[in-house]
Amino acid sequence: MELAPELTGVSPTEMRSTLARFATGVVVLTVGGEHMHGMTANAFSSVSLDPPLVLCCVAHTAVMHGAITASGHFAASVLHGDQEASARWFAARDRPLGPAQFEQVDWAPGPATGAPVLAGSLAWLECELADVHEAGDHSVFFGRVLGAGRGDGRAGLVFLDGGFWQVDTSERRR
């Protein structure tokens, strides 16, 4: 195997192309209330179990950036393998803003924050904004988990090499 040469500078195109090889889960981040908005994301991760913390990364230019900042809360719906249409919907730049964007999906307000939780998701978390760190052209939002739940199903939606894939955990290798 030939190793890649040491990189001294990486363009945004190279960065995107390289990280396309890293499989990630897919979530829809949502904010409820006056700043109601949804956005597909794959920059989402668990940070700590005690206290329960997660993080999501959002571009400074995204509507979601202002929504999280203004509301102080967000929810994350971990998408089921059959929810690719929802992932594409909340990634579309031409969808309506505000409550109208949620008319295309089945959802319920989260009990802790009122942020929309997508029906059929594998899991969901509701968070209050705990901290924000600026990181290049994005902000890293840390959320303290106020509530969480698991849905039915064993197939998850992942993003790899520029496309969505369904992974069924009932067929995992050991």
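Residues numbered from 1 in each chain as written. Predicted model: local features only at pLDDT ≥ 70, side-chain atom pairs only at ≥ 80, totals over all residues. Heavy atoms only, no water.

Considerations on the layout of surface pockets
We count it as follows: Two kinds of site are reported from a 1 Å grid over the protein atoms alone, namely cavities, where a 1.4 Å probe fits but cannot get out, and pockets, open sets with protein on both sides within 12 Å along at least five of seven lines, and residues are called lining when an atom falls within 4 Å of a point. Grid points are joined across faces, edges and corners, and a volume is the space filled by probe spheres set on the points. Under the scheme used here, helices are H or I runs from DSSP no shorter than 4 residues and strands are E runs no shorter than 2 residues, and both carry numbers assigned from the N terminus. Gly is placed with the polar residues, together with every amino acid not listed as nonpolar (Ala, Val, Leu, Ile, Met, Phe, Trp, Tyr, Cys and Pro) or charged (Asp, Glu, Lys and Arg).
Approximately 1600 Å³ is the volume attributed to the largest pocket. Lining the largest pocket are 35 residues, and of these R16, T40, A41, N42 and H138 sit closest to its centre. Mapped onto the lining of the largest pocket, the elements with two or more residues apiece are α1 (12-19), β3 (37-41), β5 (52-59), α2 (63-71), α3 (84-91) and β10 (138-150). Here the lining of the largest pocket is built from residues that sort into 23 nonpolar, seven polar and five charged.

Regarding the environment of G136
Rule in force here: For each residue, the accessible area found with a 1.4 Å probe, counting protein chains only, is set against the maximum for its type, and the residue is called buried under 20%, exposed over 50%, and partly exposed in between.
With respect to the element layout, G136 can be found in the loop between β9 (123-135) and β10. Its relative accessible area of 68% is what places G136 among the exposed residues. Separated by 122 residues in the primary sequence, G136 and E14 place their C-alpha atoms 16 Å from one another.

Everything listed here is a matter of coordinates, which is why it stays silent on function.
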